[in-house]
Each structure stands twice: as C-alpha cells, then as structure tokens.
Amino acid sequence: MSELAIGVDIGGTNIRAALVSKRGEILKKLSERTPADPRQVFERVKAMVQELDMADVVGLGVGVPGRVDIANRSVLSGGILNLAGMDLVDQLETSLGKKVVIENDCSMALIAEMSIGAAKGFQSVAMLTIGTGIGGAVAQDGSIYHGHRTAGQFGHICVQHDGPECACGRRGCVETFSSGTALRRHINEAGLSALSIADIFEMASSGDATARAVLRAWAGPLRVALDNIAATMDPEIILLGGGLGSDAARALADLPAVAPWFRPMIVPAKLGDDAGVIGAALSTFSGVSRCAEKRVVLVNGVPASGKSRLAKLLSERTGWPVLSLDGIKNPFLEHIGGVDREFNRMLGKASYQAIWLAIREAPAGSTFIIDAWFGFQPKTVLEAYIKDAGVDRVAELWCKVPGVVAGERYGSRLKDRLPGHPGAEYIPELVALADRAEPMGCGPWMTVDQTREPDMDDVMAWISRVFGQA
C-alpha cells in the first residue's frame, strides 16, 4: 500500500482533516466546527486524527492560522483564532505517537497547489486564502519562503491607514475589508437581504447598484493589496484560494483596469477547501516534489503577423525571457555581406537550433517565450527539439492575420529589413502562406486575432490554465 499521511487544516470556522496519499489523493476526510475556545482545539484535532489513523500513516501535518515559527515548531500569533502559547506540536506527538509538521495554513494550501493544483510548474508564487480571515503564503524557487520567520502575512497589508481595527493591532488591513467576515459586514451595512456572495453577484448582474457597490467595497481593497504584492515580489502568479477565492477573482475581474505595471496573473486556486489538508499531509513526506517544470510559450505566426509585439507584451507581464529567431539571426546578417535567401534560411535553421540548445541547458522551473515562424521547419523537427530540451509543458499563441494584411505589413517594413531577408518578390508568397498556415499543435494553442489589439488579460488567463493543468 502507498504511503499515507494525515493533513489537518485549522480554520477560523472549521477544522478539516483528511487521510491523504503521497500523490495527494484524499482517501477519507472529516470536518468539524472550530471550537470558540482555543484550548478545545487540541482535543478536537486529536479526536479527528485518531478516527483517521491507520498503520501506514507516516505522519501528521497541521496548518494553523496566524504566524508560525517553523524552526521552533510553535505558533507565534493568530487572528480570529489565536493558538499562540499552546504547545500544540509536542502535545500531538505525545498523544498520537506520530511525527508532526506545523506550518501556516495558507502555506500548507500553497504546497498542495504547487504540487498538484493551479500553481503546478510555477516557482515564484504568492497565495491568499480568503475565508473567515485572509491568509497568505509565499513560494520562491519552488519552496515555501519564510523570510526571518513568518513572511507572507498578506492579510495584514495595510490598504487604508485609518481603516477598521484589525486583530493584529493595526488599522486598515486588507483582512478587515476583503475577508468573508468583512463581506458579511458590507452586506449588512448596505441593508441587503442576500444570504451569500452568489446572491450578490446575481443582484449585481441584474443591475442592482447597491450590490455592485458591495462588490467594489469588498474587492477594491484586495486589488490594492495584490498590486502591492506585485510591486514588491513580482511573482509569476498570484493564487486566490479559500472558500471565497474564486468569488474574489470574479469580483476583481469586474473592477476597472489598473496601471500596467501592477497587473499580475491572478487566478483562482484549483483545490478549493481541500488544499489545506492535502498540503498539510504532503508536508510530512521528505523531499516533497514541487513539480518544477520547464515550459515554453511558442508565439507563432507567419512573418508580419505581430509575433514580436505579442511576445514583448507577454514578457512584460510575466518576466519570462524572449528568445527570438530574428534576434539571434540578425547580428549575423549585420556582419555577413552578400547574403541571399538560401543563406538566410540556413542562418534561420542555425538560430532555431541555438534557441533550443539554450533551453536545454536551462534549469527545471524555467519558462521561455519563443518568437518565431515555426512553420519554416517540419513539425517533427520542433517535436524533437522540445523533447531534447526537456520541456515539460508547451503553450502556443497562434498569431492570425489575413494574407492581405500580412502582405501589406511586410511591404511597409521592407525599408527597415536587413539584406538577406526576402524582398518585395516574397509578398505574393506570404499572402498565400498566411491564408493557409496553421498552428504547430505541439500542445494546446490559442488563436490571437492580430488585426486588433490583443486582450492580454485573456491571453494570461489562458496560459495560466494551460500551465496550471495537473
């Protein structure tokens, strides 16, 4: 039988516990209301673990709200539920005879999302769990980052210095505006009879101005906090988890666009309420794999289809480097005279090879954007390069333009192209090529209409789904 562990997620409203396999599969789970008295939490956790325990269980992982000192395995402080001062780890180990790993509850959820969820393959991640309160966690280089001791307390980013008092002792923390507790307050203060966030969305979609105002009051401060995270951390992706994570992502999508510097990729977590118990269980296994993948985004299209600009916009959003066929080839054209079309094609093949050699030497966890017309070589060549470079995941952005548009654009740029590139005689051939060309199809692809400004939010959301697939 495969190795098993028990994961416990102690929340402000519920305590969840589950028997979990090393692959992250939940075999049995329990849920109980969290006692109001923190001293009763230990007894509740102990009883739940005993109900799940069996011979093959190797250990117990426990996610707790608030700040955790990992080195000393102790709870430093909490918010809505404060377990500070309780010798939780030693008590559990003594009572259960099992190894116990303790960690902040959001960090546990992030471990799960990076292992089998929405952040699989990403190395630099920020996560917020939105429920009774707001938890936070950070991963760098594929592992949870603790800073001095307790990095990632995102619920306590100040978004209004004279705002409501927070359990942490400060005022205006995002938790006081954008948690589930705060949402209920916004609803009550607005005088709405809604019982859930779903009711608020339905009312807002029907044109109810008060419901829309409630969503803005709830999600607006969260947007400020996420922008601050983007400015200070620049993560590849920000996950919104917890019971209200998907709802928060939906509410954020309806807010007005913000400055492009602070528009990180924001996606709902994939594992829902199960993330905490899965991550807690996985934390007990030594050497838990974070599934560091090597990934490429193929920005593909015929010449003059807008590939380079799309690749640049994507790089600005993600920080992923761009490897361009022309970027490698053109310096050679500048130094080599008398280049004809056939020699230019040979340089293109060599540049293509150089791109994939560079990717092959890159470490796991790297992501590259490749700007090229991939159709100048057979698909089998591309497949071989992908395999040889050790690429785990491929996403293709297919830049689509009508042939006549490609021809016009190519002609307008002839004066700026280096000798060796095809001239005006190539335009009829390009027009015909653009009308029949298709994506390479070495992975999922998204067609981007390059006759208009690309919707980068849609592009980012699609790439996130592709790279987040388990």
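Refer to the structure above for everything that follows.
Details of the nonpolar core
One recurring pattern in soluble globular proteins: nonpolar side chains tend to sit buried together.
Here is step 1: Among the nonpolar cores identified, the biggest contains 51 residues, and Leu110, Val125, Leu239, Val297, Leu397 and Ile463 are the most heavily contacted of them.
Here is step 2: Look past the residues within four positions of Leu397 in its chain and what remains in contact with it is Val297, Leu298, Val299, Asn300, Leu310, Leu314, Met446, Val448, Val459, Trp462 and Ile463.
Here is step 3: Membership of the second largest hydrophobic core comes to 33 residues, among which are Leu128, Val214, Leu240 and Ala251.

Details of the sheet that holds strand 3 (residues 26-33)
Here is step 1: Taken in spatial order, the 5 strands of this open sheet run 3-2-1-4-7, and their pairing is mixed. Strands with a single pairing partner mark the edges of an open sheet, and in this sheet they are strand 3 and strand 7 (99-104). For this sheet the average axis-to-axis angle between neighbouring strands, irrespective of direction, equals 15°.
Here is step 2: Two strands pair when backbone bridges link them, and strand 2 (residues 14-21) and strand 3 are joined in this way by 7 bridges, in the antiparallel orientation. Within strand 3, the residue paired with Arg16 across the bridge is Ser31.
Here is step 3: Sheet strands in contact with helix 3 (residues 105-116) are strand 1 (4-10), strand 4 (57-64) and strand 7, and its direction is about 100° off that of strand 7.
Here is step 4: Each of strand 1, strand 2, strand 3 and strand 4 touches helix 9 (residues 275-282); the most contacted strand, strand 1, lies at about 135° to it.

Digging into a nonpolar patch on the surface
Here is step 1: Together, Phe332, Ile336, Phe343 and Met346 give the surface a local cluster of nonpolar side chains, amounting to about 350 Å² of exposed area.
Here is step 2: Within the fold, Met346 resides in helix 12 (residues 341-361).

Quick word on unusual backbone geometry
Here is step 1: In this structure, Asp141 is a non-glycine residue whose phi angle is positive, near 55°.
Here is step 2: Take Asp141: it is sitting in the loop between strand 9 (134-140) and strand 10 (143-144).
Here is step 3: You will see that Asp234, though not glycine, has its phi angle at about 50°, which is positive.
Here is step 4: With respect to the helices and strands, Asp234 occurs in the loop between helix 7 (209-233) and strand 11 (237-241).

Focus: the pairing of strand 8 (residues 125-130)
Here is step 1: Burial of strand 8 is extensive: 6 of the 6 residues sit out of reach of the surface.
Here is step 2: With 5 bridges joining them, strand 8 and strand 11 adopt parallel strand pairing. Along strand 11, the bridge assignment pairs Thr129 with Gly241.
Here is step 3: Sheet analysis places strand 8 next to strand 9, joined by 6 bridges and oriented antiparallel.

Some details on helix 9
Here is step 1: Extensive coverage of helix 9 is indicated by the burial of 8 of its 8 residues.
Here is step 2: Where helix 9 is buried, its residues contact strand 1, strand 2, strand 3, strand 4 and helix 3.

Points about the side chain of Asn300
Here is step 1: Its place among the elements puts Asn300 in strand 13 (residues 295-300).
Here is step 2: From its side chain, Asn300 meets the backbone nitrogen of Phe374 in a polar contact 3.0 Å long.
Here is step 3: Not counting residues up to four positions away in its chain, the partners in contact with Asn300 are Lys307, Ala372, Trp373, Phe374, Gly375, Glu396, Leu397, Trp398, Cys399, Glu438, Pro439 and Met440.

Comments concerning the packing of aromatic side chains
Here is step 1: Under the definition given, this model contains 7 aromatic pairs.
Here is step 2: Each ring, one from Trp320 and one from Phe467, has its centre 5.9 Å from the other, and the planes form 55°; the classification is tilted. Of this pair, Trp320 sits in the loop between helix 10 (307-318) and strand 14 (322-324) while Phe467 is found in helix 16 (residues 456-468), placing the two residues 147 residues apart along the sequence. The burial state of Trp320 is the same as that of Phe467; both residues are buried.
Here is step 3: With centroids separated by 6.5 Å and ring planes inclined at 45°, the aromatic side chains of Trp373 and Trp398 adopt a geometry described as tilted. Placement of the pair is Trp373 in the loop between strand 15 (367-372) and helix 13 (379-388) and Trp398 in strand 16 (residues 393-400), with a sequence separation of 25 residues.
Here is step 4: Trp398 gets classed as buried once you look at its relative accessible area, which sits at 4%.
Here is step 5: Following the ring pairs from residue to residue traces out a cluster consisting of Tyr352, Trp356, Phe374, Phe376 and Tyr385.

A word on helix 12
Here is step 1: Between its first and last C-alpha atoms helix 12 spans 31 Å; for 21 residues at 1.5 Å apiece the expected length is 30 Å, and the two agree.
Here is step 2: The set of residues buried in helix 12 consists of Asn344, Leu347, Gly348, Ser351, Tyr352, Ile355, Trp356 and Ile359.
Here is step 3: Those residues of helix 12 that are buried lie in contact with strand 13, strand 14, helix 11 (325-335), strand 15 and helix 13.

Conventions and cut-offs
- Residues numbered from 1 in each chain as written.
- Predicted model: local features only at pLDDT ≥ 70, side-chain atom pairs only at ≥ 80, totals over all residues.
- Heavy atoms only, no water.
- Core = buried A, V, L, I, M, F, W, Y, C linked by side-chain atoms within 4.5 Å.
- Buried < 20%, exposed > 50% of the residue type's maximum accessible area, 1.4 Å probe, protein only.
- Contact = heavy atoms within 4.5 Å.
- Pairing = 2+ DSSP bridges.
- Helix = DSSP H or I, 4+ residues; strand = E, 2+ residues; numbered from the N terminus.
- Axes fitted to C-alpha atoms, helices over the stretch in contact; angles between N-to-C directions.
- Patch = residues over 30% accessible without salt bridge, like charges linked within 9 Å, V, L, I, M, F, W, Y side chains within 5 Å.
- Areas by Shrake-Rupley, 256 points an atom, 1.4 Å probe, with all protein chains shown as cover.
- Salt bridge = Lys/Arg side-chain N within 4 Å of Asp/Glu carboxyl O.
- Polar contact = N/O pair within 3.5 Å; in protein donor to acceptor, adjacent residues only side chain to side chain.
- Phe/Tyr/Trp six-rings, centres within 6.5 Å; stacked < 30°, edge-to-face > 60°.
- Expected span 1.5 Å × (residues − 1).

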